[in-house]
Amino acid sequence: MAYDEFEIDRIKHALGDMCIAWAHLEEGCFMVLFYTMRDIEYTAYELIRNELDLRGALQVCKGHAVANRWERHSDHIPILVDLIDGEIRAARNRFIHDPITSGVTSYIRQSYVTRYPKSPHKLDVHIGTHTEVSSEEIYTFTRAVRALERYAGSIVQYLDWLDGERQFDWEFPSMELAQLGAHFAITEYTQIAKSRGSVR
C-alpha cells in the first residue's frame, strides 16, 4: 500500500467533523434530559445541566424512563442510552485522546490502555496498542454519531408532541425507523473498525 501524504489532512478534517457531530448528539441528549426534568424550574434545570457530563445526563434519562414507563418513548430512551454509552462513547474517547502518528504505510493511533488477556496457562499484561487509523473509519464513525443524533431527535419530537395538545393521532414510526438507522450505522462502523483492528 502506497503511503498517502494527504491522508493526515483528511484525518484532521474527519476528526473536526466528528467533534461537531458529537456536540450535536450531546445537545439532543440534553434535550431528552430537559423533557425528563420538565417539572422543575428552568434555571434549576440549566444549573443541573451545567454540572452533568453526558454520561451522567444519559443515566438520569435512562433511570427516569425505566422508573416511569407510561409512554412509548420510555422503551426508546434506554436503548438510545445503551447505544451511546457503550462502544460508541469509548470509540469517541479513543479518537479524541489517542495520539495519531505516521507509521510505515499508514497512520497509527496509539492507545494507552492496560489490558490483562488470559491464556489457558498464564495471565499477561498489554500496556498499549498501535492500530491503523483512516479518515474513512472516522467518517463512518461520524455517520453513526449523526444517526444517534437523529434517534435522540425523534424521541424529542415525540416528547414535544406529548407536551402539546395532540390535535391529531400520529403513530410516530420515526422512533423505530431512527433506532433501526442507528443500529445500521453502528454496525457499518464496527465492521470497518474490526477489519482494521480498531475495536478492542
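Residues numbered from 1 in each chain as written. Predicted model: local features only at pLDDT ≥ 70, side-chain atom pairs only at ≥ 80, totals over all residues. Heavy atoms only, no water.

> Please clarify how the overall build of the chain should be interpreted in this entry.
When you go through the chain residue by residue, the secondary structure sums to six helices and three strands. Listing every helix and strand of the chain by position from the N terminus yields α-α-α-α-β-β-β-α-α. Taking the contacts inside the chain whose residues are at least 6 apart along the sequence as the reference set, 68% of them involve residues at least 24 apart. Per element, the accessible surface of the chain, about 11,300 Å² overall, is 55% carbon and sulfur. (Helix = DSSP H or I, 4+ residues; strand = E, 2+ residues; numbered from the N terminus. Contact = heavy atoms within 4.5 Å. Areas by Shrake-Rupley, 256 points an atom, 1.4 Å probe, with all protein chains shown as cover.)

> It is not clear to me how the packing of aromatic side chains should be interpreted in this structure. Could you clarify?
For the coordinates displayed, the defined rule picks out eight aromatic pairs. With centroids separated by 6.0 Å and ring planes inclined at 40°, the aromatic side chains of Tyr42 and Tyr45 adopt a geometry described as tilted. With Tyr42 and Tyr45 both in helix 2 (residues 42-51), this residue pair falls three residues apart, about one helical turn. An aromatic cluster is defined as three or more aromatic residues linked by ring pairs; in this entry it consists of Phe34, Tyr35, Tyr42 and Tyr45. (Phe/Tyr/Trp six-rings, centres within 6.5 Å; stacked < 30°, edge-to-face > 60°.)

> When you look at the pairing of strand 3 (residues 129-133) in this model, what are you seeing that I'm missing?
Successive residues of a regular strand alternate their side chains across the two faces of the sheet. Burial along strand 3 is one-sided: Thr129, Thr131 and Val133 are buried, and none of His130 and Glu132, which face the opposite way, are. With five bridges joining them, strand 2 (residues 107-111) and strand 3 adopt antiparallel strand pairing. Of the residues in strand 3, the one forming a bridge with Tyr107 is Val133. (Buried < 20%, exposed > 50% of the residue type's maximum accessible area, 1.4 Å probe, protein only. Pairing = 2+ DSSP bridges.)

> What exactly am I supposed to notice about the sheet that holds strand 2 here?
Strand pairing within a sheet occurs via backbone hydrogen bonds; the two strands may be parallel or antiparallel. On the basis of which strands lie adjacent, the open sheet formed by three strands has the order 1-2-3 and antiparallel pairing. Only two strands of the sheet have a single partner each, and these edge strands are strand 1 (100-102) and strand 3. If you compare each strand with its neighbour and ignore which way they point, the axes differ by 40° on average. (Axes fitted to C-alpha atoms, helices over the stretch in contact; angles between N-to-C directions.)

Shape is all these values report; function is a separate question.
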